[in-house]
Amino acid sequence: MEDNGGSLIKNGSSRKGSFRLGLGVKGAKDHTVIELGSIDTQRLLLAGGGGRETQQPLTNSLSPRQMKSLSALCDTILPSLNDFVAPSDESLTNFYSISASMAGTPDRVGGLICERLKHPMTGVLKLVLWLLSTLFGTLIICGMACLSTKFPFIRSYPDLSLQKRQEIVQSWALGYFRHLRMFFRTVKLLTLLVFFTQIDESEDNPSWKAIGYCGPDPEFKAQLKNHFLHGTSKGGQELKEDDDAEEVIGPLYKGLVHLNNPRDISADALRRFGFPVSVIRRKPKVAANLSSPSLVIQCDAVVVGSGSGGGVVAGVLAKAGYKVLVLEKGGYSARNNLSLLEGPTMDQMYLNSGLVATDDMGVCILSGSTVGGGSSINWSACIKTPEHVCKEWCDHGLELFESQLYKEAMDVVCQEMGVQSEIEDEGFNNAILRRGCQEMGYPVSNIPRNSPPDHYCGWCCLGCKDGRKKGTSETWLVDLVKSGNGVILPGCEAIKVLHKNKRGRDRKIARGVAFEFEYKGTKDICVVESKVTIVACGALSTPALLKRSGLKNKNIGRHLHLHPVTMAWGYFPDAPASEVWPEARKKSYEGGIMTAMSPVVAEFEKSGYGAVIQTPALHPGMFSILMPWVSGPDIKDRMRKFSRTAHIFALGRDKGSGTVTSPDCISYKLEDIDEENLRKGIDKVLRILAAAGAEEIGTHHSKGRTLNVKQVSYYEFEKFVKEESSRSLTDLSTPLCSAHQMGSCRMGTNPKESVVNQRGETWEVEDLYVADASVFPTALGVNPMITVQAIAYCTAQSVLDVLRRKRSRFDKK
């Protein structure tokens, strides 16, 4: 996917502008800069769909043998079922009759495997695909099921009947061999994710109408059409030029510099913002390197990452009058430049296109990688650091967390984001959670959000269409841009923190960052020289950067917590209309993503470790990969119920932990108490769903058992809940997810047990700070955005003290 900029339109006519756009895939694949004064901007917008294009094909380098096996596997997961006919609904008939191959899914999956999948077991996956295309490979992997009475008495997997192939896949899913369970989970995930998110030229998918999904937010599509055709704001009032530009491409466009121009042009752009820049001349065809970078940029502070940590620090420092450079690996997607399409958004705004998992595939991980970081695609929950957590961290010697400064920091960040707890209309999942808790007598409360009471939007996990969700790209980074002291460089990945020995110092001192970006198909390197360096690229990426930079602290990358999540679901039919609840108009993917929460098994007042009950955002792709796969017909039946299937999850505050070397190499293990807490959570979730009126309930366990609540006795219901909530969560039979990663560079009182001190400064390198969720001393137990921002705000105050001292010494000289 590419994301090319739009223009300013008034009254349906073309108009030339003076600002530039340079939006690309993750900001790293494409940095096209368009001078709006030189083109017919209306034609550009109408042709490009407002700066959004359909998915571009990935290069599939799998061999014919591997593709033969992959196609057979995809068609096993999603076969063509021609015996299903719905006379009154042609879309349903088409959905059941289409197979994965008919939709072109195997080629797309092959492209993902070759270009996007960076898991350590990817090589094994390719090997198994090749083996399944051979007779003896199939015999080894599939066993007796591939034997035949006819010569040569063995059939390769692609040559087996659909029934045989399904039996084999089921045996992998529930079998004893962990590697086969990993293989099944990977193939299922990729097949379903691609099938239900792939789009054609009209941004449609062959399954969406049948499953009751509308695609991108209809209000957003109408907003785009109205804006690009009529160039008016709400109420029909014409917008001023700056407001119009902000409406089209978001509020940060004036502070973005894209390094896809020749060096002199890029250098001049930075100099206009007040940053001294040196252009290094090299011989033709000589690649840039650390000793001979393309550009050397000077600033007061360089911040690596623009999410809830980096965005706060950057905004605070810039408002205080210091020159701040923000490096962001991802691209900038804002407002009308969004697609609100699940597949393209995961590719553009999520780390590794959303394809991140632990080494053993035990936990699937979602993490933001875009300007604004996770705050741009998270679910809006803004919960202050719980008192018992502050006390626990203070008991560890970290007095910061019971200080007046920290309390003020939480208040400041909540005010900046407009955090409030009112709800005008509750969405499908949350209404069910609330009613079920009330029926069961469980505690339930409103979740504070960084969006207004009437923000009824289920697409916030794909970006905010109107800027009403106040992530860092709508708050702190706006402060940075408006101050005139800061610049954001999207599509730039830090490769090393630079540091040096200084006479009279016990430790090294940071002097900046080297980063790389893609320019004309090759990697280019630049260097930032700064007085202080702040690393805030997330708990999965910060450890790798510190290690690449030569830091040796043994705690870097250790103590990783994931807030493991497991879910259950309930189906609420939408007919007959007179008996429908929630209202028939409500769909599972619409409405505020998180507005209700229950601490029924959270143990806030006891151990402090338990699980909170909340609701997720699941569009068709994510929904499909979580639902159990029992057979091709079964998964299509489950997807047919998509729009009226509610999900509720238990999120555990984990004592278990893992290690992270890079986002491609993560290990993690639950402790027994974590698994027990999640099981307790699932027990409560199943009861909540039933109490709310679900007709059918189930979990995500591979056996795919369901229960029709209205047709069973109390004894049968209790037996089902007990059995489903007691299943193992560590054998790959039930998928676990994580959207919160923390603790991999934890804060502490000494270098033997931690990476940074209370001020956020690393023990090893002076003037090098870490300001993201990686500094959490333990798992938090609730949504972390407020805690990340509050810690970053405190760290920013420490950085300000350093910069003031440095400025004072300079002034005296």
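Everything quoted here is computed from the prediction, not taken from an experiment. Residue positions are given per chain, counting from 1 as you read along its sequence in written order. A pLDDT threshold of at least 70 governs which residues receive local features in this predicted model, and a stricter bar of 80 or more applies before side-chain atom pairs are shown or counted, although totals over entire chains, interfaces and linings include all residues. To get the side-chain values, all heavy atoms of the structure are used, and hydrogens and water are removed first.

1. What to know about helix H17 (residues 428-440)
At step 1: Elements are defined by DSSP. Helices are runs of H or I of four residues or more, strands are runs of E of two residues or more, and each kind is numbered from the N terminus. Helix span is expected to be 1.5 Å times the residue number reduced by one. Helix length check: H17 (13 residues) gives 18 Å between terminal C-alpha atoms against 18 Å at 1.5 Å per residue, within 8%.
At step 2: Of all the positions in H17, only Phe428, Asn429, Asn430, Ala431, Ile432, Leu433, Arg434, Gly436 and Cys437 are classed as buried.
At step 3: By the convention used here, residues are in contact when the closest approach between their heavy atoms is within 4.5 Å. Those residues of H17 that are buried lie in contact with strand S10 (445-446), strand S16 (596-601), strand S17 (611-614), strand S18 (645-652) and helix H22 (672-691).
At step 4: Immediately beyond the C-terminal end of H17, within one or two residues, lies Gly441, with a positive phi of roughly 80 degrees. Exposure is judged per residue with a 1.4 Å probe applied to protein chains only, and the accessible area is read against the type maximum: over 50% gives exposed, under 20% gives buried, and values in between give partly exposed.

2. Side note on the side chain of Lys806
At step 1: Counting through the fold element by element, Lys806 comes out in helix H24 (residues 785-812).
At step 2: There is a polar contact of 3.0 Å between the side chain of Lys806 and the side chain of Asp767.
At step 3: Setting aside anything within four residues of it in sequence, one finds Lys806 in contact with Ile509, Lys531, Val532 and Asp767. Counting of polar contacts relies on pairs of N or O atoms within 3.5 Å, with two restrictions inside protein: one atom must be capable of donating a hydrogen and the other of accepting it, and residues adjacent in sequence are counted only when both atoms are side-chain atoms.

3. Details of the environment of Pro616
At step 1: Residue placement: Pro616 occurs in the loop between S17 and helix H20 (620-626).
At step 2: Filtering out sequence-adjacent residues up to four positions away, Pro616 remains in contact with Trp379, Asn429, Met567, Ile593, His647, Ile648 and Phe649.

4. Concerning the pattern of salt bridges
At step 1: Salt bridges are counted wherever a side-chain nitrogen of Lys or Arg sits within 4 Å of a carboxyl oxygen of Asp or Glu. Under the counting rule described, the total for this entry stands at 32 salt bridges.
At step 2: The salt bridge partner of Arg653 is Glu392, with a shortest N-O separation of 3.1 Å. With Arg653 in the loop between S18 and strand S19 (657-662) and Glu392 in helix H15 (residues 387-395), this residue pair connects regions lying 261 residues apart in the sequence.
At step 3: Residue classification places Arg653 among the buried residues on the basis of a relative accessible area of 3%.
At step 4: The class for Glu392 is buried, based on a relative accessible area of 17%.

5. Remarks on unusual backbone geometry
At step 1: In this model, Phe151 is joined to Pro152 through a cis peptide bond whose omega is 5 degrees.
At step 2: Inspection of the secondary structure assignment puts Pro152 in the loop between helix H6 (135-142) and helix H7 (162-174).
At step 3: Following Trp581, the chain continues to Pro582 via a peptide bond in cis, the omega torsion being -10 degrees.
At step 4: Its identity is not glycine, yet Lys520 carries a phi of approximately 55 degrees, on the positive side.
At step 5: Tracing the chain through its elements places Lys520 in the loop between strand S13 (508-519) and strand S14 (522-535).
At step 6: For Leu732, which is not glycine, the phi dihedral falls at a positive 70 degrees.
At step 7: With respect to the helices, strands and loops of the structure, Leu732 is situated in the loop between helix H23 (714-724) and strand S23 (736-738).
At step 8: Judged by relative accessible area, Leu732 falls into the buried class, the value being 5%.

6. A few points about the packing of aromatic side chains
At step 1: Each aromatic pair joins two rings of Phe, Tyr and Trp (for Trp, the six-membered one) with centres within 6.5 Å, and gets the label stacked for planes under 30 degrees apart, edge-to-face for over 60, and tilted for any other angle. Considering all chains together, one arrives at 21 aromatic pairs under this definition.
At step 2: With a centroid separation of 5.7 Å and 50 degrees between ring planes, the pair formed by Trp393 and Phe776 is classed as tilted. In this pair, Trp393 sits in helix H15 while Phe776 sits in the loop between strand S25 (768-770) and H24, placing the two residues 383 residues apart along the sequence.
At step 3: Here the aromatic cluster, defined as three or more aromatic residues joined through ring pairs, consists of Trp208, Tyr213, Trp459, Tyr589, Phe623 and Phe642.
At step 4: Note that Lys641 overlies the ring of Tyr571, its terminal NZ or CZ placed 4.9 Å from the centroid. Consider the ring centre and the ring normal. A charge sits over the ring if Lys NZ or Arg CZ is within 6 Å of that centre and within 35 degrees of that normal.

7. Describing H23
At step 1: Every buried residue belonging to H23 is among Phe717, Phe720, Val721 and Glu724, and all of these are buried. Buried residues in H23, looked at end-on, bunch into an arc of 95 degrees, giving them a common side. Exposed residues lying more than 90 degrees from the buried face of H23 are Tyr715 and Lys722.
At step 2: Buried-residue contacts for H23 involve H22, strand S21 (696-699) and strand S22 (706-708). As used here, the arc belongs to the directions running from the helix axis to the C-beta atoms.

8. Focus on the packing of H17 against H22
The axes of two packed helices give the description: the angle between them and the distance between them.
At step 1: The axes used here are C-alpha line fits, helices contributing only the stretch in contact, and every angle between their N-to-C directions lies in the interval 0 to 180 degrees. Axis separation between H17 and H22 bottoms out at 7 Å; the angle between their running directions is 95 degrees. Taken together, the axes of H17 and H22 are roughly perpendicular relative to one another. The residues of H22 that touch H17, namely those facing Ile432, Leu433, Gly436, Cys437, Glu439 and Met440, are Arg687, Ile688, Leu689 and Ala691.
At step 2: Think of it as three bins: nonpolar holds Ala, Val, Leu, Ile, Met, Phe, Trp, Tyr, Cys and Pro, charged holds Asp, Glu, Lys and Arg, and polar takes everything else, Gly as well. Considered class by class, the residues forming the contact of H17 with H22 number seven nonpolar, one polar and two charged. Working definition: roughly parallel below 35 degrees, roughly antiparallel above 145 degrees, roughly perpendicular at 65 to 115 degrees, and oblique for all remaining angles.

9. A look at the packing of H7 against helix H8 (residues 178-197)
At step 1: Across the interface, H7 lies against H8 with an axial gap of 7 Å and an inter-helix angle of 120 degrees. Comparing the axis directions of H7 and H8 gives the class oblique. Handedness of the H7/H8 crossing: left-handed. Residues Val169, Trp172 and Ala173 of H7 pack against Leu180, Arg181, Phe183 and Phe184 of H8. Should the near helix be turned anticlockwise from the far one by less than a right angle, the crossing is left-handed, and should it be turned clockwise, the crossing is right-handed.

10. Some details on the nonpolar core
At step 1: In terms of nonpolar packing, the biggest core is built from 192 residues, with Tyr157, Trp172, Leu325, Leu489, Phe515 and Ile534 touching the most fellow members.
At step 2: Excluding residues within four positions of it along the chain, Leu325 makes contact with Leu270, Phe275, Ile297, Cys299, Ala301, Val302, Val303, Val487, Leu489 and Val528.
At step 3: What we call a nonpolar core is a set of buried Ala, Val, Leu, Ile, Met, Phe, Trp, Tyr and Cys residues that are connected through their side-chain atoms within 4.5 Å. Counting 43 residues, the second largest nonpolar core, distinct from the first, contains Val363, Tyr668, Leu670 and Leu686.

11. A short note on the environment of Lys669
At step 1: Relative to the helices and strands, Lys669 is located in strand S20 (residues 665-669).
At step 2: Taking the C-alpha atoms as reference points, Lys669 and Gly658, separated by 11 residues in sequence, lie 6.1 Å from one another.
At step 3: In this view, Lys669 contacts Gly656 and Ser657; residues no more than four positions away in its chain are not counted.

12. Section: the pairing of strand S7 (residues 324-328)
At step 1: The buried fraction of S7 amounts to five of the five residues, a majority that puts the element mostly inside the structure.
At step 2: Side chains of S7 alternate between two faces, with Val324, Val326 and Glu328 and Leu325 and Leu327 buried alike.
At step 3: Bridging between strand S6 (residues 295-304) and S7 involves four bridges; their strand directions are parallel. Within S7, the residue paired with Ala301 across the bridge is Val324.
At step 4: Taking the sense of rotation as the criterion, the β-α-β connection linking S6, helix H13 (residues 310-319) and S7 turns out right-handed.
At step 5: For two strands to count as paired, DSSP must find a minimum of two bridges between them. In this structure, S7 lies alongside strand S11 (residues 486-490), joined through five bridges in parallel fashion. Throughout, right-handed denotes a crossover for which the path from the first strand over the helix to the second runs clockwise when the strands point away from the viewer.

13. With respect to a positive patch on the surface
At step 1: Taken together, the side chains of Lys496, Lys500, Lys502, Lys508, Arg511 and Lys552 define a basic patch exposed on the protein surface.
At step 2: Of all the secondary-structure elements, those providing two or more residues to the positive patch are strand S12 (493-500) and S13.
At step 3: One can find Lys552 in the loop between helix H19 (542-548) and strand S15 (565-571).
At step 4: We classify Lys552 as exposed; its relative accessible area is 69%. Patch construction takes residues with relative accessible area above 30% that form no salt bridge. Like charges are linked within 9 Å, and nonpolar side chains (Val, Leu, Ile, Met, Phe, Trp, Tyr) are linked within 5 Å. The Shrake-Rupley method, run with a 1.4 Å probe sphere, supplies the accessible areas, and residue values consider only the shown protein chains as cover. Positive: Lys, Arg. Negative: Asp, Glu. His and the chain ends are not part of the count. Taken as the charge centre is NZ of Lys, CZ of Arg, CG of Asp or CD of Glu, depending on the residue.

14. Section: the pairing of S11
At step 1: Across the five residues that make up S11, a large majority, five, are buried.
At step 2: Judged by which residues are buried, S11 turns out to be covered on both faces: Gly486, Ile488 and Pro490 on one side and Val487 and Leu489 on the other are all buried.

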